[in-house]
Amino acid sequence: RYHGRMAWDTERTRRLLLDAATVEFSEHGLAGARVDRIAAAAGVNKERIYQYFGKKDELFATVLAEALQAALQAVQVEGTGPQAVGDYAARLFDHHMANGHIPRLVYWEGLERGIAAADSPVRAEFHAEKVTRIQRMLPGVGRVEAGELLLTLVSLVNAWPVLPQLDALIVPDAGDGAARTAARRAAIVATVTAAAIAVAASASAEPAAP
């Protein structure tokens, strides 16, 4: 019973630190985040951070990897055909609007770590699985084409929560609040669906291998 309580406390402490780190990194990025602020927000001694996660950049990597994995589980890739791809974009958009940390973390990672962030085998496997799921939605589509479609989808979904000023500048008459969000969602779905139609048509038009 005592060992069970210790394991529970360890997992609870780890969860408190990850939740606090998610908020801190989302607001300040990797360079601007402070370990002491994360520890204070979690109500934990900051030495626990080094004990559980290692250096600050390793904590950032863990935060982002867990957030992306949670999104993968929450937003399933379902159905087949271009409309199903558009529906996936809609549901991922809804998830990211409700959980705005992911787009911000991804953008911070790109700004601060760049291509070096692609060296993670765990992240590579995660994204390879997503490409495979897109291929299942569009039978016959090659891996590169499925990857390009997924990259377009993810870029559109991630951009709006972190670049609201561009939406306001480029589409000033789209309305405010919920109306503006609905308009952006609809535009993303239409764009992704059209791209999926084009990719599927291109794959079906290719001559079969001898």
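The structure we're discussing is the one just above.
Residues numbered from 1 in each chain as written. Predicted model: local features only at pLDDT ≥ 70, side-chain atom pairs only at ≥ 80, totals over all residues. Heavy atoms only, no water.

Here's the deal with the overall build of the protein chain
This is how it is decided: Strands here are runs of E lasting at least two residues and helices are runs of H or I lasting at least four, both read from the DSSP assignment and numbered beginning at the N terminus. Relative accessibility decides the category of a residue: with a 1.4 Å probe and only protein chains considered, values under 20% of the type maximum give buried, values over 50% give exposed, and everything between is partly exposed. Here, two residues are considered to be in contact whenever any of their heavy atoms come within 4.5 Å of each other. Using a 1.4 Å probe, the Shrake-Rupley method yields the accessible areas, and only the shown protein chains count as cover for residues. Just so you know, the count uses Lys and Arg for positive and Asp and Glu for negative, and it drops His and the chain ends. Just so you know, the charge point we use is NZ for Lys, CZ for Arg, CG for Asp and CD for Glu.
For the protein chain, the helix and strand inventory stands at 10 helices and zero strands. Listed by position from the N terminus, the elements making up the protein chain come as α-α-α-α-α-α-α-α-α-α. By principal-axis analysis of the C-alpha atoms, the protein chain measures approximately 65 × 50 × 35 Å. Residue burial in the protein chain is summarised as follows: out of 210 residues, 35% are buried. Within the protein chain, contacts between residues separated by at least 24 positions form 67% of all contacts whose residues are at least 6 apart in sequence. On the protein chain, roughly 11,800 Å² of surface is accessible, and the fraction owed to carbon and sulfur atoms is 58%. Across the protein chain, the mean location of the 22 positive side-chain charges is 6 Å away from that of the 24 negative side-chain charges.

Describing helix α10 (residues 177-205)
Selection criterion: By definition here, a helix of n residues has an expected span of 1.5 Å times n minus one.
In this model α10 runs 42 Å from its N-terminal to its C-terminal C-alpha over 29 residues, within 8% of the 42 Å that 1.5 Å per residue would give. Here α10 has its buried residues at R180, I188, V192, T193, A196, V199 and A203. Close packing links the buried residues of α10 with α5 (82-98), α8 (143-162) and α9 (164-170).

A look at the pattern of salt bridges
Rule in force here: Only one rule defines a salt bridge in this text: a Lys or Arg side-chain nitrogen within 4 Å of an Asp or Glu carboxyl oxygen.
Applying the stated criterion to the full structure yields 11 salt bridges. Linked by salt bridges that have partners in common, R14, R15, D19 and E66 make up one network.

Here we look at the side chain of T13
As for its placement among the helices and strands, T13 is situated in helix α1 (residues 2-32). The class for T13 is buried, based on a relative accessible area of 10%. Once residues lying within four places of it in the same chain are set aside, the contact partners of T13 are V44, R48 and Y52.

So, the packing of helix α4 (residues 56-74) against helix α7 (residues 121-137)
When two helices pack together, their arrangement is given by the angle between the helix axes and by the axis-to-axis distance. Put simply, the rule reads: Lines fitted to C-alpha atoms define the axes, with helix axes restricted to the stretch in contact, and inter-axis angles between N-to-C directions lie between 0 and 180 degrees. Here is the rule for angles: anything less than 35 degrees is roughly parallel, anything more than 145 is roughly antiparallel, 65 through 115 is roughly perpendicular, and the remaining ranges are oblique. Here is the rule for handedness: rotate from the far helix to the near one, and if that takes an anticlockwise turn smaller than a right angle the crossing is left-handed, while a clockwise turn gives right-handed. Under the grouping applied here, Gly and all other residues not named as nonpolar or charged are polar, the nonpolar ones being Ala, Val, Leu, Ile, Met, Phe, Trp, Tyr, Cys and Pro and the charged ones Asp, Glu, Lys and Arg.
Two numbers describe how α4 lies on α7: the axes approach to 11 Å, and their chain directions differ by 20°. By the angle between their directions, the pair α4 and α7 is classed as roughly parallel. Note that α4 runs across α7; the crossing there is left-handed. Note on element contacts: α7 touches α4 through R123, F126, K130 and R133, opposite L64, L68, Q69 and L72. Taken together, the residues of the contact of α4 with α7 break down into four nonpolar, one polar and three charged.

Side note on the environment of P82
By secondary structure assignment, the location of P82 is in helix α5. Judged by its relative accessible area of 16%, P82 falls in the buried class. Placed 105 residues apart in sequence, P82 and A187 show a C-alpha to C-alpha distance of 15 Å. Excluding its chain neighbours within four sequence positions, the residues that come into contact with P82 are L138, T193, A196 and I197.

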